[in-house]
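Examination of the molecular architecture
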Amino acid sequence: MTGLGAVFRPQLPPERLRSIARLADDAGLEELWLWEDCFLEGGISTAAASLAWTRRLRVGVGLLPVPLRNVAVTAMEAATLHRLFPGRAILGVGHGVQDWMEQVGARAESPLTLLREHLGALRALLRGERVTTKDGRYVRLDDVALDWPPPPESAVPVFAGATGPRTLRLSGEAADGTVLTAATPPDGVRRARRLIDEGRHAAGRTDTHRVVVYLLTATGPGAETRLRAELAAEGLTDVPELGAAGDAAAVAKAVRALADAGADTVILQPTADEPDPEGFIRFTAEEVRPLVP
């Protein structure tokens, strides 16, 4: 079954999150995803609040920019969420937007090396291992272990955000899942899967690797206009099969196309000017979900 969820975009003020998270939970939405975009809202704080306000909703963060975070802090926060809310937190890490990383003085000379080191240390810490990485270029730990790691029987997946070929291969090699942006059409998902599988093969991995992709979505009055305006603002108007506008049938068709291309979960991303965020959640859970096998 294809997973389905929606994004709470941080263009909305944080105080809107409670009502939307509770609505998502009550409507039976499977996943609500949050963003840690500079300089809007924190990923861990919003995830913790959303999890506390809800009963069964899974909450994803895509992504935590690794240049901003010491890996030990990332591991501590991830482990805490997984112990407080078993099986409901989904955390992804990534390069971050390089202009933002430059703006805060955190830009890495080699983002790929940093992400590789962060993923390796983070997954080891969450497995309850004691980690020393004194020779790391960016991640340097000396005899570090979590006092409260997730329970041994609880496998904690770590996702990586990826777009370019080298990062997609790295995600297959060193992460447990991959998050793809809304700039990824079905052919892009197929390409990503091939590159992820190359990384998995090189690392000898045979475990499950889940692919999550955002789908820019507009529904209701002016849907097509809003979708086209956002694609134009992002310079994506020439990318075929990108985004979905219209009723539930039209959106479900786009979701199925991404799933057929290799996505395990599709997260509907409203336009930044979505006029009815609560209605978008109900639309996803009550109208689109029944049409997606």
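Notes on the structure in this doc start here.

Here we look at the layout of surface pockets
Taken as a whole, the largest pocket holds about 870 Å³ of empty space. Every residue lining the largest pocket is counted, 32 residues in all, and those nearest its centre are Asp37, Leu63, Val97, Thr181 and Ala182. Listing elements by their share of the lining of the largest pocket, those giving two or more residues are β3 (58–65), α4 (98–103), β6 (177–180), β7 (210–218) and α8 (223–233). Along the walls of the second largest pocket sit 14 residues, with Leu126, Arg127, Ser154, Ala155 and Val156 positioned nearest its centre. Within the lining of the second largest pocket, the residues separate by chemical class into nine nonpolar, two polar and three charged.

Here's the deal with unusual backbone geometry
Following Cys38, the chain continues into Phe39 via a peptide bond in cis, with omega recorded as 0°. With an omega of 20°, the peptide bond running from Gly62 to Leu63 counts as cis. Residue placement: Leu63 occurs in strand β3. Positive phi values are uncommon outside glycine, yet Asp143 reaches one of about 60°.

Brief notes about the nonpolar core
In this structure, Leu119, Leu268 and Val288 are the most contacted members of the largest nonpolar core, which totals 76 residues. Per element, the largest residue contribution to this core is nine residues, and it comes from helix α5 (residues 111–126). Sequence-distant contacts of Leu119, that is, excluding residues within four places in its chain, are made with Val93, Val158, Ala160, Leu170, Ala174 and Ala175. By size, the runner-up hydrophobic cluster in this structure holds 17 residues, among which are Phe159, Ala223, Leu227 and Leu242.

Some words on a nonpolar patch on the surface
A cluster of nonpolar side chains, namely Phe39, Leu68 and Val104, defines an oily patch on the protein surface of about 270 Å² accessible area. Along the chain, the position of Leu68 falls in the loop between β3 and α3 (71–84).

Considering the pairing of strand β5 (residues 158–161)
With burial as the criterion, each face of β5 is covered, one bearing Val158 and Ala160 and the other bearing Phe159 and Gly161. In this sheet, β5 lies alongside strand β4 (residues 89–94) in parallel orientation, the contact comprising three bridges. Across the sheet, Gly92 pairs through a bridge with Phe159, a residue of β5. As paired elements, β5 and β6 share three bridges and run parallel to each other. Counted as the bridge partner of Ala160 is Thr178 from β6. One crossover worth recording links β5 to the parallel β6 by way of helix α6 (residues 165–174), and it is right-handed.

Side note on the environment of Leu242
With respect to the helices and strands, Leu242 occurs in the loop between α8 and β8 (244–245). The exposure class of Leu242 is buried, given its relative accessible area of 3%. Between the C-alpha atom of Leu242 and that of Gln98, which follows or precedes it by 144 residues, the distance is 24 Å. Once you skip the residues sitting within four places of it in the chain, Leu242 turns out to touch Ala182, Ala183, Thr184, Pro185, Arg228, Leu231 and Leu236.

Side note on the side chain of Thr167
Summarising the element assignment, Thr167 is placed in helix α6. Not counting residues up to four positions away in its chain, the partners in contact with Thr167 are His95, Leu112, Leu115, Gly161 and Ala162.

Focus: the packing of aromatic side chains
This model, assessed by the stated rule, comprises three aromatic pairs. Note on Trp33 and Tyr214: the rings are 6.2 Å apart at their centroids and 85° apart in plane angle, and the pair reads as edge-to-face. Placement of Trp33 in strand β2 (residues 31–34) and of Tyr214 in strand β7 is noted, with a sequence separation of 181 residues between them. Note on Trp33: relative accessible area 0%, which makes it buried. Judged by centre distance (6.5 Å) and plane angle (45°), the ring pair of Phe280 and Phe283 falls under tilted. In this pair, Phe280 and Phe283 both sit in helix α10 (residues 277–288), three residues apart, roughly one turn of the helix. Each member of the pair Phe280 and Phe283 is classed as buried. Connected via pairs of aromatic rings, a cluster forms that spans Trp33, Trp35 and Tyr214.

Thoughts on helix α9 (residues 248–261)
In an α-helix there are 3.6 residues to a turn, and that puts residues three or four apart on one side. Spanning 14 residues, α9 covers 20 Å between terminal C-alpha atoms, matching the ideal 20 Å at 1.5 Å per step. When we look at burial in α9, the residues that qualify are Ala248, Val251, Ala252, Ala254, Val255, Leu258 and Ala261. Tucked inside the fold, the buried residues of α9 contact β1 (3–8), α7 (186–203), β7, β8, β9 (265–270) and α10. At the exit of α9 stands Gly262, carrying a positive phi of roughly 130°.

Calculation notes
Along each chain, residue indices are assigned from 1 in the same order as the chain's sequence is written. Predicted model: local features are reported for residues with pLDDT of at least 70 only, side-chain atom pairs are reported and counted for 80 or more only, and whole-chain, interface and lining totals are derived from all residues. Excluded from the side-chain calculations are hydrogens and water; all other atoms, namely the structure's heavy atoms, are used. Throughout, the protein atoms alone are placed on a 1 Å grid, and a set of points is a cavity if a 1.4 Å probe fits but cannot get out or a pocket if it is open with protein on both sides within 12 Å along at least five of seven lines; lining residues have an atom within 4 Å of a point. Grid points are joined across faces, edges and corners, and a volume is the space filled by probe spheres set on the points. Working definition: helices are DSSP H or I runs of at least four residues, strands are E runs of at least two. Numbering for both runs from the N terminus. When residue character is reported, Ala, Val, Leu, Ile, Met, Phe, Trp, Tyr, Cys and Pro are called nonpolar, Asp, Glu, Lys and Arg charged, and the others, Gly included, polar. Throughout this description, the term nonpolar core refers to a set of buried Ala, Val, Leu, Ile, Met, Phe, Trp, Tyr and Cys residues connected via side-chain atoms within 4.5 Å. The cut-offs for exposure are 20% and 50% of the maximum accessible area for each residue type, with area from a 1.4 Å probe on protein chains only; residues under the lower value are buried, those over the upper are exposed, and the others partly exposed. Any two residues whose heavy atoms approach within 4.5 Å are treated as being in contact. Only residues whose relative accessible area exceeds 30% and that form no salt bridge are eligible for patches; like-charged ones are grouped when within 9 Å, while nonpolar side chains (Val, Leu, Ile, Met, Phe, Trp, Tyr) are grouped when within 5 Å. The protein chains shown are the only cover counted for residues, whose accessible areas, like all others here, come from Shrake-Rupley with a 1.4 Å probe. Any Lys or Arg side-chain nitrogen found within 4 Å of a carboxyl oxygen on Asp or Glu counts as a salt bridge. Pairs of strands are assigned from DSSP output, requiring at least two bridges between the strands. Look down the strands so they point away from you; if the path from the first strand over the helix to the second goes clockwise, the crossover is right-handed. Only centres within 6.5 Å qualify two rings of Phe, Tyr or Trp (six-membered ring in Trp) as a pair; their planes then separate them into stacked at under 30 degrees, edge-to-face at over 60, and tilted for everything else. In this scheme, a helix's expected span is set at 1.5 Å multiplied by one less than its residue total.

By themselves, these are just geometric observations and shouldn't be taken as functional.
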